[in-house]
Amino acid sequence: MATFSASQVMEHQSTDSCWVIYKNKVYNVTDFVTDHPGGRDIILEYAGTDITDVLGDESVHTHSDAAYELLDEYYIGELGNECSSNTSTPALSVNGSSDLDDDLTASTSSSSTSSSSTLSSTINNSFNNQVFSLKDKQGMKKSIVEKPVAKDNGFLDLRQPLFPQLWNATWSKDFYLEQVHRPRFVPYYVPYFSQPWLDVLSHTPWYIVPMIWIPFVCYQLWCSVNSYNGSPMGTLEGFAGGVFFWTLLEYGLHRFIFHFDDWLPDHPIALLLHFTLHGIHHHMPMDRLRLVMPPALAALIGFPIIRSMHILFSTSMAHAMVAGAYFGYICYDCIHYYLHHAQVIRIHFGEMKRYHLAHHYKDFEGGYGITSKLWDIVFGTTLKT
């Protein structure tokens with residue numbers, strides 16, 4: 001097993017190479033710096049140091065069991081006994097897989113006079129059969145430490161298409177729910193379908209949502225104003241009503257449809273549908289391509305709502321409310337992505353980021369609001385952050 005000195009770990013304090021020490025073990029968290037739920041600043045400020053004391057200090061920040069499980073995926077070696085330390089640093093929450101830098105150097109616990117060639121051989125033997133290469137979107141190769149994690153035994157292989165595994169699975173409902181709510185982070189794209197042309201339908205870049213639905217909202221507003229008895233003021237009122245309606249729909253969909261866990265049938269097809277609809281997001285919450293709703297699903301969910309509004313309200317009011325509801329949906333999906341992947345502004349969004357990440361990493365049975373806590377407060381499902 002490779003060992004590193006504290007001074008060697010201290011050399012890795014940047015976005016390009018970020019290491020930390022926890023309980024005399026060394027972790028390379030470089031891949032996760034930009035996607036760290038608490039923000040990159042927390043990691044970079046204390047990179048290269050020992051985080052043992054404060055990682056378990058609940059007065060500083062409470063970490064879920066998933067955080068410690070995910071930390072194991074970054075493990076690259078041990079801290080040398082002669083250099084072990086326990087320097088306190090602020091809290092850190094990590095998950096994901098680690099990179100091995102091409103210029104990786106390590107010190108072994110044997111003689112300090114070991115030659116550089118012996119050192120290189122030791123590292124190579126230590127990580128033999130554990131490193132595999134992947135190509136990122138730019139075609140550049142990246143070395144990833146492959147370390148099997150116990151929580152994935154018997155569940156999903158994230159290096160293979162997911163749908164065939166789910167289709168052929170024989171898990172029980174209890175096992176599935178336990179596993180799917182244990183977050184994973186992987187620095188590569190995980191395909192859902194084996195066929196590339198079909199897999200395209202399973203992921204959606206965030207900007208697709210406003211690109212498709214903003215023109216739809218504008219068209220609905222135009223129809224409202226130009227309908228019989230339509231007026232700008234009536235359209236504005238209907239639009240505001242549609243936005244308010246969306247906030248309730250957002251809460252209802254998230255709580256009663258996406259988290260249909262208690263009433264979920266113990267059947268493989270039911271588990272497959274659950275994973276496809278929302279389970280995949282909880283299992284891989286930082287997957288940038290599966291954070292927003294695919295347009296086809298948004299249209300499917302929206303169709304009965306649109307029809308209902310045209311039955312219940314006048315033509316002008318119905319168009320305005322549809323515009324407001326879809327505008328609320330656009331804000332919801334964009335904010336959802338923003339909370340997961342941006343250094344958010346503190347006003348409102350700072351608290352909502354903490355709140356939503358608590359839903360993912362601490363308690364998925366509460367905190368269903370994404371854009372606000374309004375309906376969580378009303379229905380008593382508020383989470384403490």
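Just so you know, these numbers come straight off a predicted model, no measurement behind them.

A.B. asks: Got a minute to help me understand the pattern of salt bridges in this structure?
C.D. replies: Any two side chains of opposite charge can pair, so long as their charged atoms come close to each other. For the coordinates displayed, the defined rule picks out 7 salt bridges. The closest approach of N and O atoms between Asp287 and Arg290, which form a salt bridge, is 3.0 Å. Accessibility classification places Asp287 together with Arg290 in one group, the buried group. One salt bridge connects Arg354 with Glu351, and the closest N-O pair in it is separated by 2.9 Å. With Arg354 and Glu351 both in helix H14 (residues 346–361), this residue pair falls 3 residues apart, about one helical turn. Look at Glu351 and you get partly exposed, because its relative accessible area is 23%. Taken together, the shared-partner salt bridges in this structure form one network comprising Asp199, Asp287 and Arg290.

A.B. asks: Teacher, can you tell me more about the environment of Leu264 here?
C.D. replies: By the secondary structure assignment, Leu264 is in the loop between helix H10 (232–258) and helix H11 (268–283). Relative accessible area serves as the criterion here: at 8%, Leu264 is assigned to the buried category. Considering only alpha carbons, one finds Leu264 and His274, 10 residues apart in sequence, at a separation of 8.1 Å. For Leu264, the contacting residues outside a window of four places in its chain are Lys173, Tyr176, Leu177, Ala270, Leu271 and His274.

A.B. asks: Got a minute to help me understand helix H9 (residues 208–225) in this structure?
C.D. replies: Every α-helix carries 3.6 residues per turn, so stepping three or four residues along brings you back to the same face. The end-to-end C-alpha separation of H9 is 27 Å, in line with the 26 Å expected for 18 residues at 1.5 Å each. Burial in H9 covers these residues: Ile208, Val209, Pro210, Trp213, Val217, Gln220, Cys223 and Ser224.

A.B. asks: Explain unusual backbone geometry to me, please; I cannot follow it from the model alone.
C.D. replies: Among all residues except glycine, the phi angle is most often negative; among peptide bonds, the trans geometry is most common. One non-glycine residue, Asn24, lies in positive phi territory at about 65°. Residue position: Asn24 is located in the loop between strand E2 (19–22) and strand E3 (25–28). Taking relative accessible area as the criterion, Asn24 reaches 32% and is therefore assigned partly exposed. The residue Asn229 is not glycine, and still its phi comes out positive at about 65°. Following the sequence through the fold, Asn229 ends up in the loop between H9 and H10.

A.B. asks: Would you take a moment to explain the packing of helix H7 (residues 173–180) against H11 for this structure?
C.D. replies: How two helices sit against one another is set out by the angle between their axes and by the gap between those axes. Packing of H7 against H11 leaves a shortest axis separation of 10 Å and a crossing angle of 25°. Classed by the angle they form, the pair H7 and H11 counts as roughly parallel. For the pair H7 and H11, contact is made by Lys173, Tyr176, Leu177, Gln179 and Val180 and by Leu271, His274, Phe275, Gly279, His282 and His283, respectively. Of the residues that constitute the contact of H7 with H11, the class distribution is 5 nonpolar, 5 polar and 1 charged.

A.B. asks: Looking at this model, I keep getting lost on the sheet that holds E2. Mind explaining?
C.D. replies: Pairing between the strands of a sheet is mediated by backbone hydrogen bonds and can be parallel or antiparallel. What the 4 strands build is an open sheet, ordered E1-E4-E3-E2; its pairing is mixed. The outermost strands of the open sheet, each flanked by one partner alone, are strand E1 (3–4) and E2. Sheet topology places E1 next to strand E4 (residues 75–79); 2 bridges connect them, and they run parallel. Bridge pairing in E4 places Phe4 opposite Leu79.

A.B. asks: Just checking my understanding: could you explain the side chain of His356 for this structure?
C.D. replies: With respect to the secondary-structure elements, His356 resides in helix H14. Here His356 falls in the buried class, since its relative accessible area comes to 1%. For His356, the side chain forms a polar contact with the side chain of His336, separated by 3.1 Å. With sequence-adjacent residues up to four places away left out, His356 is seen in contact with His281, His336, Leu339, His340 and Ile370.

A.B. asks: Please clarify how the packing of aromatic side chains should be interpreted in this entry.
C.D. replies: For any pair of aromatic rings, the description consists of the separation of the ring centres together with the inter-plane angle of the planes. Enumeration according to the criterion identifies 26 aromatic pairs in this entry. Taking 6.2 Å as the distance between ring centres and 80° as the angle between the ring planes, the aromatic pair formed by Trp206 and Tyr207 counts as edge-to-face. Looking at Trp206, the relative accessible area reads 38%, which means it is partly exposed. What makes Tyr207 partly exposed here is its relative accessible area of 44%. Among the aromatic residues, those joined into a ring-pair cluster are Trp213, Phe216, Trp246, Tyr326, Tyr329 and Tyr332.

A.B. asks: For this particular structure, what's the right way to read the confidence of the model for the protein chain?
C.D. replies: Low-pLDDT stretches of the model should not have their predicted coordinates read in fine detail. Confidence in the prediction of the protein chain, expressed as mean pLDDT, is 80, and 77% of residues score 70 or more. Throughout residues 83–151 the model reports pLDDT below 50, and contacts reaching past four residues in sequence, or to other chains, amount to 148 contacts.

A.B. asks: Got a minute to help me understand the pairing of E3 in this structure?
C.D. replies: A regular strand places its side chains so that they alternate between the two faces of the sheet. Relative to E3, E2 runs antiparallel, the two sharing 4 bridges. If you follow Trp19 over to E3, its bridge partner there is Asn28. Turn length for the E2-E3 hairpin, with the two strands adjacent in sequence and antiparallel, is 2 residues, and the turn residue Lys23 shows positive phi of about 50°. Here 3 bridges tie E3 to E4, and the two strands are oriented antiparallel to one another. Counterpart to Val26 in the pairing with E4 is Gly77.

What counts and what doesn't
- Residues numbered from 1 in each chain as written.
- Predicted model: local features only at pLDDT ≥ 70, side-chain atom pairs only at ≥ 80, totals over all residues.
- Heavy atoms only, no water.
- Salt bridge = Lys/Arg side-chain N within 4 Å of Asp/Glu carboxyl O.
- Buried < 20%, exposed > 50% of the residue type's maximum accessible area, 1.4 Å probe, protein only.
- Helix = DSSP H or I, 4+ residues; strand = E, 2+ residues; numbered from the N terminus.
- Contact = heavy atoms within 4.5 Å.
- Expected span 1.5 Å × (residues − 1).
- Axes fitted to C-alpha atoms, helices over the stretch in contact; angles between N-to-C directions.
- Parallel < 35°, antiparallel > 145°, perpendicular 65-115°, else oblique.
- Nonpolar A, V, L, I, M, F, W, Y, C, P; charged D, E, K, R; others polar.
- Pairing = 2+ DSSP bridges.
- Polar contact = N/O pair within 3.5 Å; in protein donor to acceptor, adjacent residues only side chain to side chain.
- Phe/Tyr/Trp six-rings, centres within 6.5 Å; stacked < 30°, edge-to-face > 60°.
- pLDDT = per-residue confidence, 0-100.

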